[in-house]
Amino acid sequence: MFDKNLLKGIIAPMVNPCFEDDTLDMDGVKANLQRLLDSDVAGLYINGGTGDAANLTQQERLDIAAYLVPELLKAGKTAIVHVGQTTQRCAVELAEQAVRLGAHAVASIPPKKPWPQIVEYYKALAATGANVIVYYIPGMTGITATMTELRMMLDIPGVVGIKMSDYNIFLMRSVIMEYPDKVVYTGLDEMLIPGLFYGADGSIGTWGNLLPNMYTKAFAKVQAGQTDDLKPLMEEFTAFLAIGWNYGIIDTFEELMRAKGYANRCFRHPSSWNPGKVPQNVLDDLLARMDKLNAMAATL
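The structure displayed is predicted, hence computed values, not measured ones.

A. How the structure looks around the packing of aromatic side chains. Enumeration over the complete set of coordinates arrives at five aromatic pairs. Where Y121 meets Y122, the ring centres are 5.4 Å apart and the plane angle is 70 degrees; that geometry is what we call edge-to-face. Residues Y121 and Y122 agree in their burial class; the two are buried. Taken together, the ring pairs connect W207, Y215, F237, F240 and F253 into an aromatic cluster. Over the face of the ring belonging to Y67 we find K30, whose NZ or CZ atom lies 5.4 Å from the ring centre. Directly above the ring of Y45 sits K163, whose terminal nitrogen or CZ lies 4.8 Å from the centroid.

The structure is reproduced here in structure tokens:
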């Protein structure tokens, strides 16, 4: 029987940096891997949206997984490979590779299809022998669900959990109560602490790349039942994100990744971001706020 404890915790959706010509910066991949391995994250989410998977070639995704999964296993970290693709056969190829590499699970954004076809897609991934994490992200797919529709996915043999990138925290709580043996992740960064309060087993959020130890400290505090300590941190993090939203939250993330020297670019062209999109005074303020968040987390 699957043990969901193998997948619990903060799973950082790692960036796959690129150069200005959009080619993969493999040295940047390796540097970010080491930086995150040196943090307390439980593992990595490979080739997800934060990793710009939709703009990587199939071969690039195979190559990245082939490098990262063994490194994570060697370090005793969790490896989840996102295999969502525009065609089912390509997604299955990625899932089959993940199984061969020994990844703990695969995940996939659903195809933009009616629910019965979405179910067949996830069945095809489970048929590879992989532990499958389904993905609910209505803001991107335009597909909303009721519990009845989520059950259609969660009841598939081989589906071991779900990533929920949504503000409907009651729907997430309903999944947690009805499927206690399945792992449930929050996906929206602004829902990190509220989601953990509501019983999520972990988080796969973009800002885990920049604030990995803050994320892991928040998770540890909730697991210990010491939730009162997190209110000031939650308020400071919300204020930080609110500033970022004024300039496009993903553009702000990319600007900060560049400012910290972690990536020349995170997302390939066409892109709304160009260096300097966030004014320097705002960028300086955000960097100072990041330092404050890390300092607050260090005292928890």
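More follows now that the structure is in view.
B. Structural context of the packing of helix α9 (residues 212-223) against helix α12 (residues 280-298). Between α9 and α12, the least distance of the axes is 9 Å, while the angle of their chain directions is 35 degrees. Once α9 is placed against α12, the crossing between them reads as left-handed. Here N213, M214 and K217 of α9 lie close against α12, whose contacting residues are L293, N294, A297 and A298.

C. Layout of unusual backbone geometry. With omega at -5 degrees, the peptide bond leading from H269 into P270 counts as cis. Tracing the backbone through its elements, the reader meets P270 in the loop between α11 (249-259) and α12. Positive phi values are uncommon outside glycine, yet D22 reaches one of about 75 degrees. For D22, the position within the fold is in the loop between β1 (9-13) and α1 (26-37). Unlike most non-glycine residues, N47 shows phi in positive territory, near 65 degrees. For N47, the position within the fold is in the loop between β2 (43-46) and α2 (58-74). Residue classification places N47 among the buried residues on the basis of a relative accessible area of 2%.

D. A look at the nonpolar core. With 105 residues, the main nonpolar core has Y122, L150, W207, F237 and F240 as its most contacted residues. Counting residues per element, this core draws most heavily on helix α4 (residues 115-126), which supplies eight residues. Excluding its chain neighbours within four sequence positions, the residues that come into contact with F237 are D189, L192, W207, L211, M214, Y215 and L293.

E. Structural view of the pairing of β2. Two strands pair when backbone bridges link them, and β1 and β2 are joined in this way by three bridges, in the parallel orientation. Paired with P13 across the strands is Y45, a residue of β2. Taken together, the four bridges between β2 and strand β3 (residues 78-82) define a ladder with parallel strand orientation. Its bridge partner being in β3, I46 is matched across the sheet by V81. As a crossover connection, the stretch from β2 through α2 into β3 is right-handed.

What counts, and where the lines are drawn
- Just so you know, the residues in each chain are numbered from 1, in the order the chain's sequence is written.
- In keeping with the predicted nature of the model, local features appear solely for residues at pLDDT of at least 70, side-chain atom pairs appear and are counted solely at 80 or more, and the whole-chain, interface and lining totals rest on all residues.
- Just so you know, side-chain values use all the structure's heavy atoms and leave hydrogens and water out.
- The rule is short: rings of Phe, Tyr and Trp, with Trp giving its six-membered ring, pair when the centres are within 6.5 Å, and they are stacked under 30 degrees, edge-to-face over 60, tilted in between.
- Residue exposure (1.4 Å probe, protein chains only): buried if accessible area is under 20% of the type maximum, exposed if over 50%, otherwise partly exposed.
- Criterion for a charge above a ring: Arg CZ or Lys NZ at most 6 Å from the ring centre, at most 35 degrees from the ring normal.
- Throughout, an axis means a line fitted to C-alpha atoms (over the contacting stretch in the case of helices), and angles, computed between N-to-C directions, take values from 0 to 180 degrees.
- Counting from the N terminus, the helices are the DSSP runs of H or I reaching at least four residues and the strands are the DSSP runs of E reaching at least two.
- A clockwise turn of the near helix away from the far one marks a right-handed crossing, whereas an anticlockwise turn of less than a right angle marks a left-handed crossing.
- The contact criterion used throughout is that any non-hydrogen atoms of two residues lie within 4.5 Å.
- Nonpolar cores were defined as sets of buried Ala, Val, Leu, Ile, Met, Phe, Trp, Tyr and Cys residues, with membership established by side-chain atoms within 4.5 Å.
- By definition, two strands form a pair when at least two bridges between them are found by DSSP.
- Clockwise travel from the first strand over the helix to the second, with the strands pointing away from the viewer, marks a crossover as right-handed.

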